[in-house]
Amino acid sequence: MSSDSQGSVKGEATMMMSPSGSASSQGPPLSPTAASKSPELPDELVQAGWSKCWSRRENRPYYFNRFTNQSLWEVPVLGQHDVISDPLGLNAAPAEGGDGNLGNGQRKRRSSEEQGAGPNSLKRAKVEPTTPISPSAPGVKPWGPTPEDKQAPPATPTTPSPAPAPYRPAVTYWDLDIQTNAVVREHPPAPHLPPHPEIELQRAQLVTKLRQHYHELCHQREGIDPPRESFNRWLLERKVVDKGHDPLLPSDCEPVISPSMFREVMNDIPIRLSRIKYKEEARKLLFKYAEAAKKMIDSRNASPESRKVVKWNAEDTMSWLRRDHSASKEDYMDRLEHLRQQCGPHVAAVAKDSVEGICSKIYQLSVEYSRRLRHTHLGLLQDPPTEVCESSPQSRLVYCYPVRLSIPSPPLPRVELHFENDMACLRFKGEMVKVNRGHFSKLELLYRYSCIDDPRFEKFLSRVWCLLKRYQVMFGGGANEGTGLQGALPVSVFEALNRQFGVSFECFASPLNCYFKQFCSAFPDTDGFFGSRGPFLSFCPASGSFEANPPFCEELMDAMVTHFEDLLDRSSEPLSFIVFIPEWRDPVTPALTRMEGSRFLRHQLSVPAYEHEYRSGSQHLCKREDMYYRAVHGTAVLFLQNDAGFVKWPPTAERLSQLTAAYRPSLLRSSSLSSPGPAHIVPGDRDSALKPSDRNSGGVTSPGDHDNNNNGGGGSSSSPREKVATM
């Protein structure tokens, strides 16, 4: 790989070389003449410019060609084709024996029939390559040795080594052979700035700093820890309305105060309500709430009436606790609910300005960080972009294709790759990101299918590093943090959707958790090289069959429904959306209410809790036994179709039974009963907390409640719900 974008490959073999075998990234040989007349090299190789040198870093010999600046660890083969001018060996003469083996570990060019019908074998050799390109040097086995490789005899100058087979994961969670039926109008390339490891590293540092500011503000102003993953949901909610340039940090949002962040922080004031199992825990929680409410009303600028009401109810509760020791857990929970109803509005009123200040401060810092990042990013580009007027919409209908960037990518710095057991580790300036080998090979396939500006994979590792770092930063570094927001449907469900309803496209996915090679994702700049069609709210298909399993952020789901209805209303071609969202009924989410009343709803299916599974959002990192987990909430499956879509993909009883059967958990995974992450308040669980309908009993209207994102004060959850709550 070229010196400006790729790094050393460690593991089975450690080196830094380009796909052509050149060692330009290493500079000149350590001693190019030290062994130029080595008797171990035939005279023909010496006359061809080859010499044997010693690598002080690797402590072993290598071979250098002074004519082509090519470096190899293994003995060169005379007559080998020029891998620089002819990288695929199209003009090379076949090796003796007629087998076409290429020297120095070069891959054989084999047809799809010779490769076998593996899970990711390619069926259209004329459209897509039949063998994945390895982002490493010739002669290096990027995926590790196989048993067949270990039994093969060592290569000699006269005996070419056998071609290494690409890594094939034992279990795959995708099918990249399925072609799309999604049709869109042709559109110009996107004006996003191309990803760069330097910028991604700086963005990661700034986002981490912003998280720390959020944590400190919650502690200093309200004396609470930030609600778990509320920062992640703030990023999701802000991107729904953000019109700024940064792909991650919000910088141009209206309203400035986030309804999501405001709601979550307010729901934890004066204390966070946790799961209750025993009577003593309920008694202690009631005492803490009364004490915290009284302390807050005394320390804030409250009206005399508010002080009187809160202090009287808090003191009455404490007096009741001192004299009544025979109460049950239900008695304590009833008393807590009554106390919240009486004190909640007054406590929320005095905290409103402070919480709005937290939301506003975090947003202003995000705007400043975004401006700083863009200025640095523009400085790295060779040709800074100019303002271009938006072109008129194209009229030609085409099958959907990955995002293309209008700004060419600059030379990228080197990223090092090595393997630790089953993990691929990519390092840039000391910052390491990891992905298992199966998903690493998946990224390689997606890159080959989708990327058009890097046919020799010189920027592959740099772009993979940027991709992994972006998702790592977005969902935080805590244990199991963010995995619920990236959960995916089981493979069996995707197979049934494709077979029964022609689904070939995911509306909410990423290169890491997608099943099809065509999908929408959050980040077009990093994900477009791996097949993303961009954010779904900006994706406007004219026809096709789609699956939608959005992150369970209420504002995002509500915007999704608006987009669905707009697309279905405009198109006369077959268009179908099969939507999977949590069946929360207490209170019901605005998105679910709107879809159930939509004129495009053709059928609704309910999958009970504990009777279906999700794939982990950290599937690119977790062990195979942790890949699936049971959902502890019901899931609503809704079929939104226009008339033509209903005719083409009708939800008949037979098709629905096939889908329901595919959703049943596998008996082999019956022991996986819970989802990752700490305990959360389960909607409707009286023993866990109070009724969700009382969650906004503070009586303060959340900023932005006049928008369509919230339907009244009771439409919000105490702890905004993730894809899967914990048992």
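The shown structure was predicted, so the numbers you read here are calculated from the model rather than taken from an experiment.

### Quick word on the nonpolar core
So, step 1. By size, the foremost hydrophobic cluster in this structure holds 154 residues, and its most contacted members are Leu426, Phe440, Phe536, Met560 and Phe577.
So, step 2. For this core, the element with the highest residue contribution is helix H9 (residues 329-380), accounting for 16 residues.
So, step 3. Ignoring any residue separated from it by four or fewer positions in sequence, one finds methionine 560 in contact with Phe508, Phe536, Leu537, Ala548, Pro550, Val579, Ile581 and Met595.
So, step 4. By size, the runner-up hydrophobic cluster in this structure holds six residues, among which are Leu45, Val46, Trp50 and Tyr63.

### A look at the packing of helix H7 (residues 279-299) against H9
So, step 1. Where H7 meets H9, the axes come as close as 10 Å, and the angle between the chain directions of the two elements is 20°. Taken as axis vectors, H7 and H9 run roughly parallel relative to one another. Like other packed secondary-structure pairs, H7 and H9 cross with a definite hand, here left-handed. On the side of H7, the interface is formed by Lys279, Ala282, Arg283, Leu285, Leu286, Tyr289, Ala290, Ala293, Met296 and Ile297, while H9 contributes Lys329, Tyr332, Met333, Arg335, Leu336, Leu339, Arg340, Gly344, His346, Val347, Val350 and Ala351.

### Here's the deal with the side chain of threonine 180
So, step 1. Tracing the sequence through the fold places threonine 180 in the loop between helix H3 (147-151) and strand S5 (183-185).
So, step 2. Among the polar contacts made by the side chain of threonine 180, one reaches the main-chain amide nitrogen of alanine 182 at a distance of 2.9 Å.
So, step 3. Aside from chain neighbours lying at most four places away, what touches threonine 180 is Tyr399, Cys400, Ser504, Phe505 and Gln518.

### Observations concerning the state of the cysteines
So, step 1. Counted by the stated rule, this structure contains zero disulfides.
So, step 2. Between cysteine 507, a cysteine without a disulfide, and cysteine 520, which holds the nearest cysteine sulfur, the sulfur-to-sulfur distance is 6.2 Å.

### Section: the environment of lysine 469
So, step 1. With respect to the helices and strands, lysine 469 occurs in helix H11 (residues 460-474).
So, step 2. A C-alpha to C-alpha distance of 9.2 Å links lysine 469 and lysine 434, two positions 35 residues apart in sequence.
So, step 3. Leaving out residues up to four positions away in the same chain, lysine 469 has contacts with Glu200, Ala204, Glu431 and Val433.
So, step 4. A polar contact is formed between the side chain of lysine 469 and the side chain of glutamine 472, at a distance of 3.0 Å.

### Some points on H7
So, step 1. Over its 21 residues, H7 extends 31 Å from the first C-alpha to the last, a length consistent with the 30 Å expected when each residue adds 1.5 Å.
So, step 2. Ala282, Arg283, Leu285, Leu286, Tyr289, Ala290, Ala292, Ala293, Met296 and Ile297 are the residues of H7 that are buried.

### Side note on the environment of proline 535
So, step 1. Structurally, the position occupied by proline 535 is in the loop between helix H13 (524-527) and strand S11 (541-548).
So, step 2. Since its relative accessible area comes to 29%, proline 535 is described here as partly exposed.
So, step 3. Along the primary structure proline 535 and alanine 509 are separated by 26 residues, whereas in three dimensions their C-alpha atoms are 9.6 Å apart.

### Overview of the confidence of the model for the chain
So, step 1. Averaged over the chain, the pLDDT score is 77; the fraction of residues at 70 or greater is 71%.
So, step 2. Scored below 50 in pLDDT, residues 88-164 makes 133 contacts in the model with residues more than four places away or belonging to other chains.
So, step 3. Low pLDDT (under 50) marks residues 670-727, which in the prediction has 161 contacts with non-local residues, meaning those over four places away or in another chain.

### Describing the pattern of salt bridges
So, step 1. Summed over the entire model, instances satisfying the criterion amount to 30 salt bridges.
So, step 2. The closest approach of N and O atoms between glutamate 420 and lysine 434, which form a salt bridge, is 3.6 Å. Taken together, the residues span a long stretch of sequence, with glutamate 420 in strand S7 (residues 415-420) and lysine 434 in strand S9 (residues 431-436) at a distance of 14 residues.
So, step 3. By relative accessible area, which is 33% here, glutamate 420 ends up partly exposed.
So, step 4. For aspartate 566, the salt bridge identified is with arginine 570, shortest N-O distance 3.5 Å. Here arginine 570 and aspartate 566 lie together in helix H14 (residues 554-570), a separation of four residues that amounts to about one turn.
So, step 5. The exposure class of aspartate 566 is partly exposed, given its relative accessible area of 37%.

### Comments concerning the sheet that holds strand S2 (residues 50-55)
So, step 1. Spatially, the three strands line up as an open sheet ordered S2-S3-S4, and their pairing is antiparallel. One side of each edge strand has no neighbouring strand; the edge strands of this open sheet are S2 and strand S4 (70-72). For this sheet the average axis-to-axis angle between neighbouring strands, irrespective of direction, equals 30°.

### Some details on the packing of helix H10 (residues 437-450) against H11
Helix packing geometry: the angle between the two helix axes and the distance between the axes.
So, step 1. Running from N to C, H10 and H11 cross one another at 115°; their axes reach a closest spacing of 11 Å. The handedness of the crossing between H10 and H11 comes out as right-handed. Within the contact between the two elements, H10 uses Phe440, Leu443, Glu444 and Tyr447 and H11 uses Phe460, Leu461, Arg463, Val464 and Leu467.
So, step 2. The residue inventory of the contact of H10 with H11, partitioned by class, reads seven nonpolar, no polar and two charged.

### A look at unusual backbone geometry
So, step 1. Looking along the chain, the bond that leaves isoleucine 269 and enters proline 270 is cis, with omega of 5°.
So, step 2. Turning to its location among the elements, proline 270 is positioned in the loop between helix H6 (259-267) and H7.
So, step 3. Residue proline 587 is reached from aspartate 586 by a cis peptide bond, and omega for that bond is 5°.
So, step 4. In this structure, proline 587 sits in the loop between strand S12 (575-582) and helix H15 (590-596).
So, step 5. Despite not being glycine, asparagine 59 has its phi angle at roughly 60°, a positive value.
So, step 6. As for its position among the elements, asparagine 59 is in the loop between S2 and strand S3 (60-65).
So, step 7. Relative accessible area serves as the criterion here: at 56%, asparagine 59 is assigned to the exposed category.
So, step 8. Of note, lysine 429 is a non-glycine position whose phi angle comes to about 50°, a positive value.

Procedures and definitions
Residues numbered from 1 in each chain as written. Predicted model: local features only at pLDDT ≥ 70, side-chain atom pairs only at ≥ 80, totals over all residues. Heavy atoms only, no water. Core = buried A, V, L, I, M, F, W, Y, C linked by side-chain atoms within 4.5 Å. Buried < 20%, exposed > 50% of the residue type's maximum accessible area, 1.4 Å probe, protein only. Helix = DSSP H or I, 4+ residues; strand = E, 2+ residues; numbered from the N terminus. Contact = heavy atoms within 4.5 Å. Axes fitted to C-alpha atoms, helices over the stretch in contact; angles between N-to-C directions. Parallel < 35°, antiparallel > 145°, perpendicular 65-115°, else oblique. Left-handed = near helix turned anticlockwise from the far one by under 90°. Polar contact = N/O pair within 3.5 Å; in protein donor to acceptor, adjacent residues only side chain to side chain. Disulfide = S-S within 2.5 Å. Expected span 1.5 Å × (residues − 1). pLDDT = per-residue confidence, 0-100. Salt bridge = Lys/Arg side-chain N within 4 Å of Asp/Glu carboxyl O. Pairing = 2+ DSSP bridges. Nonpolar A, V, L, I, M, F, W, Y, C, P; charged D, E, K, R; others polar.

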